[in-house]
Amino acid sequence: MDPVLELRGITKRFPGVLANDHIDLTLEKGEIHALLGENGAGKTTLMNILYGLYDPDEGEVFVKGNKLEVNSPSDAIAAGIGMVHQHFMLVPVFTVTENVMLGYENLQPNGLLDRQTAAARIREISEQYHLEVDPDLYVKDLSVGAQQRVDIIKLLYREADIFILDEPTAVLTPQEVDELFTIMRKLVEKGKSIIFITHKLREVLEFADQITVIRGGKVVGSTTPQEADQRLLASMMVGRAVELNVDKKPADPKDAVLKVENLVALDDRDQLAIDGVSFEIRSGEILGIAGVQGNGQTELVRVLTGLAHPVDGEITLLGEDITGASPRKITELGTAHIPEDRQRDGLVLNFPIVDNLVLNTYYIEPNARGVLMQQDILLKTADDLINKFDVRTPNSVTTVGSLSGGNQQKVIVAREFSRPIKMLIASQPTRGLDVGSIEYIHHRLIEKRDAGVAVLLVSTELDEVMQLSDRIAVMFDGKIVGVLPAAEATKEQIGLLMAGVVSTAAEA
Amino acid sequence: MTTSTKQMNHGAFEYTSPTRQRTMGVVFLLIAVMVFGFFSRGLDTSLVTTFRMSPGGSDVVAPDWIIPSSIVINILGFICAALGAYQLVRGFKNWTNLVLGLVAAFFVFSFLTWAAAEQSLNLAGLINSSLIKAVPLTLGAMSGILCERSGVVNIAIEGMMLSGAFVATLVGSLTNIWIGLLAAVIFSGLLGLLHAVLSIKYKADQIISGTMINILATGMTSFFSAKFLQKYQQLNNPGRFPTWDIPGLSKIPFIGPILFSNNMFVYAMFVFIVVLTIALYYTRWGLRLRAVGEHPKAADTLGINVYRTRYVAVVMGGMMAGFGGAYFTLGSVGRFDEVMTAGRGFISLAAMIFGNFVPAGAFAAGTLFGFSDALASKLAILKVPIPSEFLLMAPYLVTMIVLAGVVGRTQVPAADGVPYEKE
Amino acid sequence: MSEEKMQKTKAKEPKKKDAGKVFLSELSKSSTTVTILAIISGLILGGLLVALTTEEVYTAPSFGEGLKVALQAVWKTYEALFTGAIGTPSKIVAALQSGDAEAIRRAFNPFFESLVASTPYIFAGLAVALGFRVGLFNIGAEGQIFIGALCAVTAGIYLKGLPHIIHVPLSMLAGALGGALWGFIPGILKAKTGAHEVINSIMMNYIAFRLSEFFLTGLLKDPDKFIPVSAKIEESAMLTRFFAHPIRFHSGFFIALLMALLVYILLFKTTWGFELRTVGANMNAARYAGMNIVVNTVIAMSLSGALAGMAGANEVLGINHNLAVAFSSGYGFDAIALALIGKSHPFGVILAALLFGFLRNGAVQMQLTAGIPIDIISILQAFILAFIAAPAIIRTIYRLKEPDFEEAGVKLSGWGGN
């Protein structure tokens, strides 16, 4: 029997990048096939080609032995291929029914939309696969997990056989992840086949039937969970045996730098996001904040850096009350901030590097005298910092937007670390970076800690938090549900806390 | 279960803003104070206001409506105050905007009663005139709705309407008014196509593209008007659509002459309102159009052609504006004058926003704006010491207030104005 | 795939070294070629329009004849446009030879009149360009011009007995303040409520028109006249004219150049400008860097309004000496095209404003001698604007190479303000 899906020699070039280099992939019926690779390895590009969002430069796609021309998503959908994207493809102001029927509408005999029939089918599908989705609700009112299930229903509604799930667990709690995998098992039982894109080794080993590893746009090997282990997969993924631990001396914490007491804050939709959080960070230690994305970490950082104001509570930095203070005041007190979304908040992409390096010090001597900017001094300082922080760029007037992600992050680090700081707030500092850059950033963070800076590290990568932190605070649903010394914490323990299972963790 | 907990939390923290509730209460009370202070104070209690109930020239006569001025104003003021008090104490919650509309209506009616005290005001004529003035505004706003619901900002309604008015006159003079109308629709559709090509294919900024079409339309119509229409007057004489009485309905007193004794454009407007509403909310086409305006990428992944959907919407938007533009010549004065739309395209834009991007809302807003326009021309007759210019500013002020979120947020399509980049 | 995309966007704007090099660096960029070709293409299309609307072309006996007539019509049009804008060389020579001062002034008048026409364009173009740099679309320059003129005229009429040296700046300032107020309102609404400045400034335009109508039919109306027009301003409030009749060239032109220089220094040399441009380029990053978005947005819109207001003041203090209804005739909208052609750079704006001023002035002569309605200028501007807004059209027509960097053109958000 032919495999359900076969990719042969798929090649895709972007200007200056070979995103996919002759990739072969075979998906058998009823299989969960993990496509494992680092960010930027070319997994998503490959799937977008399969789904008709990109045109491949070379290569062929076969579905059940027949060659398939995919020029648009419609072709893929017609061939029974469906995709759940990393960012859900849902219209928030539409109901579940409208979202599901969109592009595949049921019509009444008079030509108008038949929402009833569609809703009935959604209920049926929902029941059959235990998806628990109410077709009449608006998508904007659903939880993240439920939204993802709506995206899955969309595929079932179109009677897809081949499911592509792109990083489906990134935004889910461990419990939601388990639910998702139950659903995936159910799908496979009913004869569907799944390609499952991820960079998380644990999930691959636990849930996949077959594993294909991609690195730098090439397939570097195929294996099964039975034959592989974490270390092997990791080395396949990054191309060399990785050091899973970061070298660091034990912390030597001194005086408290930042004190947060009973903090309450809303998110930008005026929903309660931080619900009575208290903690302190001392000079010379790293406090890591672990948690599934969307449990208040973003808002916590925004409030601590002055980008948002709390509704209640008190923040003290170096003995000074900074509750509701402006970002500028907090920065001037000696706080550095590596923002979560570097392109959105941390950089002006079409400004040159030199301007980005003084983004928050442009008005201070010697960068400016009075209101006049001192261009010559700025250029000279920029050249020094580019050397010192190893930013790879032709020169200091290159726009930051043309740098790679790693070098963009280095520009931010150069800017934030080059002034005297006492407090460092690093939010997702390595998100989307290559391994080299990650190591670089990690070392710099430890260096600052050893120099006596108080460091707050917020990351959704549990491994990162565990490796770097001296103490770990876990956030769930706007609260800190536990603070553990990093040396004693186990992954299981933190995982349970992240899921909000407080009592169990306390017993453990 | 974690998911359900999160969902519940999400719901639990949603609350209605107490600030808004209080602001609205104060607004209602202020209106009540204004009713008492401006209209009731110093008004002789023996005066009566006479509203005439059939428009001038109509042969369907309805009896005049005579009310005691002072009593009516005081009652309306008292109701406003009561509503304000209730809003402050308990709040009307989801009904707030409706109550706001009611209070505003009471205010306007008190004003009319006061202004026409001891005199008579032709209420039917005023309403009929508001309706007629609402026609181009509503049609223009629906042009905007078609474009913006698909995610393309259209500030070129003015230019499209102006071109429609011109082409309708020129072609109408050469042939007949129906072909003139058709030509106007087609030509403005082509302008829509131009806007679409620039903003969808070439990803030009949509506001710049719209500005360019406005400048082009002004230039072209004035150029051709100066070069040809002024020289050959017969090219500027297309005739007008006649008034059609709807048999039976037009004989109903008061309502008949207002609603059922108009020219084709008024009826067409109502048909378009209904058709567009059904098309947007109850057809496959509308669902896809709105999806493209809200989340084009999602639509794309479901096999919907984002570009084609937008092209069709913007061209149709242009055609709608052309139809509305033809009203100025074929439906109203019967000749073309340079820059005759005089900013009505921009009021249409305002009506679209004020009407919350919905056809019925656009009509309501258009009628309201038409009313302020109609009233402005009556003020001089009523000898009210309010300059008509200030009433004519009303649409603009109201739009700014709405946009500022004082009366609640408008539901702007999420991807409006954002060019779609297929990766 | 943002990484790949990023690599296409290369160095957009190296730091400007000094004022003199700006012209050179602007010239060397390929986008300048597009601008020039856009202007040429606009002129060609305009010529085509003239040819196609010349009736004699269709009544010509043969195709060849028709073509000849068409070319003659186009030639006549552009010749009239040129001599209307610059002057007729033969007349200039004759006048110089005659030595008659009045004749010389008349011969040179078209050129000076073009500079006069350019002056409000410089102010208004700077206004729109400043907005663009801060990520704001000030489509309300037209209304700000009206309010500026209204305030300037009021100051010009009602302040009496002041010396010229005080009265002129004071009236100019009144115009600037009026415009600033008209920009401030959409600015503060944008900053505080997120309401889109495009819609609000369009609304402010019409409020301004109504308001000036109100004043011109009431308080400001010259009681001796039947039409709604204000009284004449005091002599002491009039901008200095440098030559005798008929040359109307006045000091406003130099004030405009000075403003361009000031805007340049503000934007590119000061910390205030750094903040303004950062807010324009990435509002979130500006907030992160401790800049005050509200203040910067409001300041930018107010300054932009002030510049537009000065355009209005310049017209009434320099040329009209009174205010009539609808005196501006679209300077504010033309300014949008102009700012884009000038790449939102103060010195680019000067060049573009000169182009528009010469076109506009030349068109008056063209209407008289060639019988081509002056409105063709709007059409030309629309064509040029279309080509500038969609440079890919020009690149395709003229087979230009794709630039190795993507231009960070004007990018605005939708009505939602996201």
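Cut-offs used in this document
Residues numbered from 1 in each chain as written. Chains lettered and ligands numbered in written order. Predicted model: local features only at pLDDT ≥ 70, side-chain atom pairs only at ≥ 80, totals over all residues. Heavy atoms only, no water. Helix = DSSP H or I, 4+ residues; strand = E, 2+ residues; numbered from the N terminus. Buried < 20%, exposed > 50% of the residue type's maximum accessible area, 1.4 Å probe, protein only. Contact = heavy atoms within 4.5 Å. Areas by Shrake-Rupley, 256 points an atom, 1.4 Å probe, with all protein chains shown as cover. Rg over C-alpha atoms; globule rule 2.2 N^0.38 Å. Lys, Arg positive; Asp, Glu negative; His and termini not counted. Charge placed at Lys NZ, Arg CZ, Asp CG, Glu CD. Salt bridge = Lys/Arg side-chain N within 4 Å of Asp/Glu carboxyl O. Axes fitted to C-alpha atoms, helices over the stretch in contact; angles between N-to-C directions. Parallel < 35°, antiparallel > 145°, perpendicular 65-115°, else oblique. Nonpolar A, V, L, I, M, F, W, Y, C, P; charged D, E, K, R; others polar. Domains from an automatic or database assignment. Buried area = accessible area lost by both parts, 1.4 Å probe. Pairing = 2+ DSSP bridges. Patch = residues over 30% accessible without salt bridge, like charges linked within 9 Å, V, L, I, M, F, W, Y side chains within 5 Å. Expected span 1.5 Å × (residues − 1). Arc of directions from axis to C-beta.

Caption draft 1: Spotlight on the overall build of chain C. For chain C, the count of helices and strands is 18 helices and zero strands. By residue count, 59% of the 418 residues in chain C fall in the buried class. The contacts of chain C with a sequence gap of at least 6 include a subset with a gap of at least 24, amounting to 77%. Here chain C has roughly 16700 Å² of accessible surface; of this, 68% comes from carbon and sulfur atoms.

Caption draft 2: Region of the structure containing the overall build of chain B. Counting secondary structure elements, chain B contains 16 helices and five strands. A compact globule built from 423 residues would reach a C-alpha radius of gyration of about 22 Å, and chain B, at 24 Å, matches this within 12%. Expressed as lengths along the three principal axes of its C-alpha atoms, the size of chain B is roughly 75 × 65 × 40 Å. Once local pairs closer than 6 in sequence are excluded, the contacts in chain B between residues at least 24 apart make up 76%. Surface summary for chain B: the accessible area is close to 16700 Å², and the carbon and sulfur share equals 67%. Across chain B, the 27 positively charged side chains and the 18 negatively charged ones have centroids separated by 6 Å.

Caption draft 3: Structural context of the side chain of Glu315(C). Residues and elements named next belong to chain C. Secondary-structure assignment places glutamate 315 in helix H14 (residues 293-320). Despite its burial, glutamate 315 pairs with no opposite charge, the nearest such side chain being arginine 248 at 7.1 Å. For glutamate 315, the contacting residues outside a window of four places in its chain are Pro120, Asn320, His321, Phe327 and Tyr331.

Caption draft 4: Broad picture of the packing of helix H11 (residues 252-269) of chain C against helix H16 (residues 346-370) of chain C. All names here are of chain C. For the pair H11 and H16, interaxial distance at closest approach is 8 Å and the crossing angle is 150°. Looking at the two axes, H11 sits roughly antiparallel to H16. Residue-level contacts link Phe253, Leu257, Ala260, Leu261, Val263, Tyr264 and Phe268 of H11 to Pro346, Phe347, Ile350 and Leu354 of H16. When grouped by side-chain class, the residues that make up the contact of H11 with H16 number 11 nonpolar, no polar and no charged.

Caption draft 5: Quick look at the domain arrangement of chain B. Residue and element names in this part refer to chain B. Splitting chain B by domain gives domain 1 (3-118) and domain 2 (125-406). Of note, the centres of domain 1 and domain 2, computed from C-alpha atoms alone, are 30 Å apart. Contact residues are listed per partner, giving 14 residues for domain 1 and 15 residues for domain 2. Both sides of the domain 1 and domain 2 interface together cover about 1100 Å² of buried area, and 80% of this is carbon and sulfur. It is Pro55, Val60 and Phe111 that lose the most area in domain 1 upon contact with domain 2, and together they represent 39% of the buried surface on that side. If you look at where domain 1 meets domain 2, you find zero salt bridges. Tallying contributions element by element places helix H4 (residues 96-115) first for the side of domain 1 that touches domain 2, with five residues.

Caption draft 6: Structural view of the interface of chain B and chain A. Contacts between the two partners involve 29 residues from chain B, matched on the other side by 45 residues from chain A. The contact between chain B and chain A buries some 3300 Å² in all, and 60% of this surface belongs to carbon and sulfur atoms. Linking Arg288(B) and Glu105(A) is a salt bridge whose minimum nitrogen-to-oxygen distance equals 2.8 Å. Elements represented by at least two residues in the side of chain B that touches chain A include exactly helix H1 (2-12), helix H10 (264-282), helix H11 (284-294) and helix H12 (296-301) of chain B. Taken together, the residues of the side of chain B that touches chain A sort by class into 11 nonpolar, nine polar and nine charged.

Caption draft 7: Main features of the sheet that holds strand S1 (residues 48-52) of chain B. Residues and elements named next belong to chain B. One open sheet holds the three strands; their spatial order is S2-S1-S3, and the pairing between them is mixed. Only two strands of the sheet have a single neighbouring strand rather than two, namely strand S2 (65-68) and strand S3 (120-122). On average, each strand axis in the sheet is tilted by 25° relative to the strand beside it, whichever way the strands run. Pairing analysis gives four bridges linking S1 to S2, with the strands arranged antiparallel. Bridge pairing in S2 places phenylalanine 51 opposite tryptophan 65. Sheet strands in contact with helix H3 (residues 69-89) are S1 and S2, and its direction is about 75° off that of S2. Against the sheet, H4 makes contact with S1, S2 and S3, and its axis sits at roughly 105° relative to S1, the strand it touches most.

Caption draft 8: Broad picture of a nonpolar patch on the surface. There is a patch of nonpolar side chains on the surface, built from Leu159(C), Ile165(C), Ile166(C), Leu170(C), Leu173(C) and Leu177(C) and spanning about 560 Å² of accessible area. Note on placement: Leu173(C) falls in helix H9 (residues 164-193).

Caption draft 9: Just H3(B), in detail. All names here are of chain B. With 21 residues, H3 extends 31 Å between its outermost C-alpha atoms, agreeing within 8% with the 30 Å of an ideal straight helix rising 1.5 Å per residue. For H3, the set of buried residues is Ser69, Ser70, Val72, Ile73, Leu76, Gly77, Cys80, Leu83, Gly84 and Gln87. Angularly, the buried residues of H3 cover 170° about the axis, an arc narrow enough to put them on a single face. Summarising the geometry of H3, the exposed residues directed more than 90 degrees from the buried face are Phe78 and Val89. Among the structural elements, helix H2 (18-40), S1, S2 and H4 are those in contact with the buried residues of H3.

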